[in-house]
Structure formats: structure tokens, C-alpha cells
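Results of the structural survey
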Amino acid sequence: MPTLLKHYLMPDATAVKFAIKTTLAMMIALYLALWFNLDRPYWALISAAFLQIRPMSGMVIEKGICQIGGTLIGALVGIGIMALFAQARIPALTALTLWIMLCTYVGSLWRNNYTYGCIMGAVTAMLIVVISNGSSPGGIFDIAVARLSELGLGAVCATLVSSLLWPSRVGEHLATQADSVINQAFEHAALRLAASDDIPAMQQALRGSLGPLIMLETDSQAARFEGPEGPGRMRATHVLTRRTLRFMATLHALHQLLHDHADKLDPGSVDIARQVSDGFREAEHGKGVPQARQELRALRRLVHESNESGLAPLDRRVRLGIREAIGHAMVMLDAREAIADPGRHRLRSAPLAWHRDHLAAGINAVRAGLVFTILAAFWILTAWNSALVAMLLGTLFSAFFASRDNPVTITLMFYKGMLAAIPSAFLFGHVLLSQAHGFPMLAMLFGTPLFLGLMGATNPKIMGYCLAFTIFNILLTMPGNNMNFSFDSFANRALAVILGLSCVVMGFRLLPGLGTRLRRRRLIKAISQDIHQLRRRSIRDAETRFSGHMADRMLQLAQHDDMLPEDQRHLFILGLTGLDIGSATLRLRDRLDEAPHPLIRRAHQQLLRALASGFEEAANGRPPQGVHEAGQRLDAMIAEHGDVPADRRVLLEGLIERLELALERLARIMVERPHIKAADADRRQPGSA
């Protein structure tokens, strides 16, 4: 049965509750907007709909604050533009285009509801400048107040309905996401420690953990609006993010040794890894955090009680890595408990920094400016009143879709939803609604297509179609006290909607953003730069920035892997190796930054530089140079000038050997990639740079 048909014939309770809540919020907003005789009541509807897309109480409040704040700033900017260029249309539109580009650029750099605030700042300024064209100064101010009133009314209605009717909290959502992160991470650990050959299964488990982790880190910001326990949940989320990334890096290193270099290891080490693998599966399937913690404690005792005397440095390193993985998993469980009940479990952690691609944000800004310029030129040349709707859609969706991972696909989904909304709006919002008398009849007729569209908005597979169906039913109907039911008016709106969204589709086709290869090269460069920066910042600041950046980049690398042929999916290995090198760099700094002798500190810095340079070389398909020599130099300096126990020196030797093997393996994998071979061939051609 098709997904759409199945969803409507057998809807779940969540979809029905969401549709009821959102439709109710929209109808209350519409009733109040009509009662207050607001100029464009449909803006209150759209405001309530957008705020209810994720109807958790803290999320609605945060999005509402961002929406009203962005609207206020956009209104002030719009008033300022008209104050400067009230009688000069072209300069006013030029200034507006620059503002829209700035809002899109800034919004593309964020991963939270601040992006929505930027979009509302661009849309509000556009409405004020375009609608008030030729108006008096007093009229401009009235238009700004009207937009603030309409959007604010929608935000208040959405917040009240979300809080009073079937309320859901961000805290519960975060706990559910944390469970997904940990369960998939433990599944990934079981596959890695068993030296599995099933690369797709490991990638799926890793994506299944990283996806909720990114959402968890982003959504945790809204927990601050749910009482005094919110900051505790945010800190616990930061701890879970950091520890999960360290966990993944440690597992990647262990898998390489257990899978590729098992002949260099003691059979006892391989057997312990397999027992720990089984233990992680038991912990994953266990019910509740206490049972999972009990399983991990048993694994920790197993590893600690193993005999390590006479083992080679690499074996010692494997067993230490297993202990570290179990330790990270224990802290992940502590973070899960602190997210669910921050009053009883308190953790400390600084917020994370996120990867920001300024080139991609610049392309998004140029695209948004181009789309608006085309639509504004069309408006000036034709003097078509309905072109305002097209300009609204071009401004809104060129900025809104730019922050999504697959904007072209989403735009086409919205386009199809818009086409489906045209006959629906004509029937319910034009033919039937023209015969309605009183608000109850209006709500019943107009609310029917909205309810049906919202029913499907909870299903990720059909969300784009259903949200577009809902939004375009509103825009094509434009309910108000003085509605125009003429067919000409409806046809003009339909053409404007098609034109506006067609320009958005064209914009994403002409400027689709960074290509896969360019984005990959930029990610490699960004990871390399971050590893170089790890030795220049304070340890705490370096870890905060590196963990946040890598969480974001790992998910991007996962998405790029999905776009490549099966035999070329090595980007996960690249990202995990970078994560491993960065984690090892931080671990070395923690132990040797305060070394008493300057020669030890100098050798330590040389090793860190060699590791950072080695990753960059290996990521570009070249054998790493100098890591082994730098490790030997550091070991010699410690032996001559340091007071370090012998077992610590053995572990350090094992760490250097493991990192060198990891970089050599990455170089071998990357040199087999077609784009690396092509680049080498280009360099070998006469006259090539």
C-alpha cells in the first residue's frame, strides 16, 4: 500500500492529535484576526502553522520568540528602507535585496530556530517595502504594526494551544532521542569490536546514532524554556555529544586493529574484544539504564582482570582502548539519566561550536537575492498586484529551503503539494466558502483541507507534500473580512503561486550549492585545519570546538556517502580517522602539555604537528611523513628527561604505532578513489601546476 494512502487509512494517534491541535490553533488565530479586523488574517494562520510543526512546548516558545524578534527587526529595517527611499523604488528594492541576502547568509550559518527568525526578518521587510510602495510615512508604520500584530497573534495562539491541549515537552523528546543515540552507538560498538566485515551495517548504525545526536544537540536549546531543569538537560546533552564522538573514534581505531592487524595481536586480546562486543549487544537490548550499566560494569571487570604482563605495546593499546570505550559508554548512560531527570543527576559541560561553511552560506544568499531580483523586476515591468504573492514565496522558500540538506528534492515536493492545493483551494476556498455564512461554517469548510494536510505532516516521507498542501490552501484562499470570490482573483493568486515557486525551483537548479566533490574537499580542509588548531588553543576550548564541528561534519560525510557508488563510500573512514587523530591529540596534550622539561614539550609539539600534517597528507592520498620519527623522538626525550613509568611509555608507543597504521590505511583508501587518481594524472601532465 502506498505510504500516503496507508497514512490516511490507518492514521496513528500522534498524527490525529497534531492535526487537531494545529487546526484548532489556526482557527482561533483566524477568528481573532477577523474580530480585530486585521488587514491580512492569513498571516496569523501561517504563523500558527509554522510554530506547530514541532509542537513541543519549549520548541514552540523558542520559535515564537525567534519569529516575533525576527519580525520586529525586519519591520524596523523595512521602515528604515522606506524612510530613505520612499520615492525611489529601484534603490529601495536594491537595499531590500541586500537585506534579504544578509538574512539568508546569517540563517544558513545556524542550525536552530534562529534561522527561522532570520527568514521572518527578510519576509517582513519585503512585505513592508513592497506593500507600502507609494504610501505615506504614516501608512508605512501602520503596515509594520499590522504585520507584527498578525504574526504575534498566530504565535500566541499556537503557544497557548500547544501548552493546554495534549502538551508535549522537549525534555521527553530529548530522552527519546538520547535512547536512539545510545542504542545505535552500542549496536555500532558490537559490530566494530567483533571485527565485522559488514560495512553497510556499521554505516547504518553510525548514521542512526549521529542523526538523532545532531537533532538532540540542536533541540536541547529549547529546553531552557521549560523551567529550571532546562539548563541541566542542555549540559547533559553536550556531555552525551562529546562522549559519543569519542566513543565512535575509539571504536574506529579498535576495529582497524582487530580487523586489519589481528595477526599482530595476542589471541587473548581478540577474544576479550569479542566478549565485550557481545556485552554491548546485551546492554543495547537491556531494559533501562540500570541494567545497561550493570552489563558495562561486568565488561569493565572482565578487561581489568585480564593479564597484560608481557604483552606488546599494540596489544596493551587495544586493551586500553577497550577500557576507554567502556568508560565512554558509562558516561553516555550517565548523560542519558541526566537528560531524563536533571534534578537528580547533574553534569557539567560547555556548549559546543558548530561547523559553519561561509562559502555555502554565501551561495545561498546569492541565490535568494537572484530569485527576489527576478520577481521584483517582473513586478515592476508588469505592475501586477498578485506579484506580491510570488515575491513572498520567493523570499520565504529560497531562504527556508537553503538551510536543508537536500533543497532541490524538498522544493520539488513542495511544488507537487502546491499543484495539489490548487483544485482543493478552488473547491473549498472559492466555490463552497462563497456560500458560507458565519464563522462556524467558514471554519468547517476552510478547516477541512487544512486538517487533511496536517494529518500527513507528521510522516517524514510525505511531510513536504502535506505542509505545502496546507500552506498553499491558505495562500490561495486568503481568508478575511472582505474576501474576493471572483474567479479572476483566484486565478491571479494561483498563477502568482506557480510563478513564485517556479522561480525558487529555478534558483536551486541554477545555483544548487556546493557540489559533492567541492563540499568533500572543503570538509577535508576544515577537519585538517581544526586538527592543526587543537595544539594552539586551550584544551577545553579546543575540545568544545572540535567536538561540535566534527558532529556536524560526520553527518554531512554520511550524507555524501549515500550519494556515491557503493565501492566509493569511504568518507566515513575519512571522518572517523580525523576524529581519531583529533581525540588522540587532545589526549596527548592532556598528559604532556605540563611536562617539566622543555625538550619533552618541544618533542610533544613536533609530534602533534606531524599528526596534523599526516592526516592532511593521508586524506589527499599521500603517505604520511614524520609520524614515526616524531614519536621516537618524544619517547627518547621522555626516557632521558622525564619521570614517566615504563607502562605509560609502552602505552605511548602503542598509541603512536596505532595512529601511524590508521593514517597509512587512510592514504591507501583515498589513493584508490577516482578523483585522487585523476588529480595525480593532472599533476603529472606537462605544464600542470
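Cut-offs applied
- Residues numbered from 1 in each chain as written.
- Predicted model: local features only at pLDDT ≥ 70, side-chain atom pairs only at ≥ 80, totals over all residues.
- Heavy atoms only, no water.
- Helix = DSSP H or I, 4+ residues; strand = E, 2+ residues; numbered from the N terminus.
- Rg over C-alpha atoms; globule rule 2.2 N^0.38 Å.
- Buried < 20%, exposed > 50% of the residue type's maximum accessible area, 1.4 Å probe, protein only.
- Contact = heavy atoms within 4.5 Å.
- Areas by Shrake-Rupley, 256 points an atom, 1.4 Å probe, with all protein chains shown as cover.
- Lys, Arg positive; Asp, Glu negative; His and termini not counted.
- Charge placed at Lys NZ, Arg CZ, Asp CG, Glu CD.
- Expected span 1.5 Å × (residues − 1).
- Bend = angle between axes of the 7 residues up to and from the residue.
- 1 Å grid on protein atoms, 1.4 Å probe; cavity = no way out; pocket = protein on both sides within 12 Å on 5 of 7 lines; lining within 4 Å.
- Points joined across faces, edges and corners; volume = space filled by probe spheres on them.
- Nonpolar A, V, L, I, M, F, W, Y, C, P; charged D, E, K, R; others polar.
- Axes fitted to C-alpha atoms, helices over the stretch in contact; angles between N-to-C directions.
- Parallel < 35°, antiparallel > 145°, perpendicular 65-115°, else oblique.

**Details of the overall build of the chain**
Of the regular secondary structure elements, the chain holds 26 helices and zero strands. Here the chain has a C-alpha radius of gyration of 29 Å; the compact-globule value for 689 residues is 26 Å, and the two agree. A principal-axis box enclosing the C-alpha atoms of the chain has dimensions of 90 × 65 × 50 Å. A total of 689 residues make up the chain; the buried ones form 56% of that total. In the chain, the share of contacts with a sequence separation of at least 24, taken over all contacts with a separation of at least 6, comes to 80%. Of the accessible surface of the chain, which amounts to about 28,700 Å², a share of 58% is contributed by carbon and sulfur atoms. The chain carries 71 positive and 58 negative side-chain charges, and their two centres are separated by 5 Å.

**Some points on helix H16 (residues 407–432)**
Along an α-helix, residues three or four positions apart point the same way, because every turn accommodates 3.6 residues. Over its 26 residues, H16 extends 35 Å from the first C-alpha to the last, a length consistent with the 38 Å expected when each residue adds 1.5 Å. Roughly 35° is the biggest bend found in H16, and it falls at Ala425.

**Focus: the layout of surface pockets**
For the second largest pocket, the calculated volume is near 660 Å³. Lining the second largest pocket are 27 residues, with Asp39, Arg40, Tyr42, Met478 and Arg493 sitting closest to its centre. Contributions of two or more residues to the lining of the second largest pocket are made by helix H3 (42–51), helix H6 (114–131), helix H15 (387–400) and helix H19 (487–510). A class-by-class count of the residues in the lining of the second largest pocket yields 14 nonpolar, 10 polar and three charged.

**Regarding the packing of H3 against H6**
Think of two packed helices as two axes; the pair is described by the angle between the axes and how far apart they sit. The interhelical angle for the contact between H3 and H6, taken along N-to-C directions, is 170°, at an axis separation of 13 Å. Here H3 is positioned roughly antiparallel relative to H6, judged by the angle of their axes. For the pair H3 and H6, the contacting residues are Trp43, Phe50 and Leu51 in the first and Tyr116, Met120, Val123 and Leu127 in the second. A breakdown of the residues in the contact of H3 with H6 according to their chemical character gives seven nonpolar, no polar and no charged.

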